[in-house]
Amino acid sequence: MKIISTDKAPAAIGPYSQAVISGNMLYTSGQIAINPETATVVEGGIEAQTEQIMKNLGEVLKAAGVDFTAAVKTTCFLADINDFAAFNEIYGKYFTGKPARSCVAVKDLPKGVLAEVEVIAEL
């Protein structure tokens, strides 16, 4: 197992890694809408937060030597299922290869964010 880390995405806020490689697969931890330069949650609603999540995921994928096209499965968590359409619009700009996906509404997310996304990708 190899740990992936980049300072271009938010540092882990607990005892975990941004991502790990096992065999020929990459497993990212969930990314939320934290700006890595300021370590603060991005303001501006679900659209702005989803854009930041995708930027963060893009940097983690890049650190592992892949991009969004390598994704085979994503898991998405929304604080409000009513944000599904707006989230999906932005998500679709990045995950153009249409990986398998689960998307669920949850009661709460870390730091009060509106969404979180994790990725499984093939190297």
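Nothing here was measured: the structure is a model prediction, and the numbers come from that model.

1. Here we look at the pattern of salt bridges
Right, so step 1: According to the stated counting rule, one finds 1 salt bridge in the structure shown.
Right, so step 2: The closest approach of N and O atoms between K93 and E51, which form a salt bridge, is 2.8 Å. Pair noted here: K93 is in helix α2 (residues 84-94) and E51 is in helix α1 (residues 45-63), with a separation of 42 residues, a long-range link.

2. Here's the deal with the sheet that holds strand β8 (residues 115-122)
Right, so step 1: Taken together, the 6 strands give an open sheet; going across it, the order is β1-β2-β3-β8-β6-β7, and neighbouring strands pair in mixed fashion. Since the sheet does not close on itself, it has two edges, and those belong to β1 (2-4) and β7 (100-105), each with one partner. Taken over all neighbouring pairs, the strand axes of this sheet differ in orientation by 15° on average, direction set aside.
Right, so step 2: Across 3 bridges, the pairing between β1 and strand β2 (residues 19-22) is antiparallel. Along β2, the bridge assignment pairs I4 with A19.

Parameters and conventions
- Residues numbered from 1 in each chain as written.
- Predicted model: local features only at pLDDT ≥ 70, side-chain atom pairs only at ≥ 80, totals over all residues.
- Heavy atoms only, no water.
- Salt bridge = Lys/Arg side-chain N within 4 Å of Asp/Glu carboxyl O.
- Helix = DSSP H or I, 4+ residues; strand = E, 2+ residues; numbered from the N terminus.
- Pairing = 2+ DSSP bridges.
- Axes fitted to C-alpha atoms, helices over the stretch in contact; angles between N-to-C directions.

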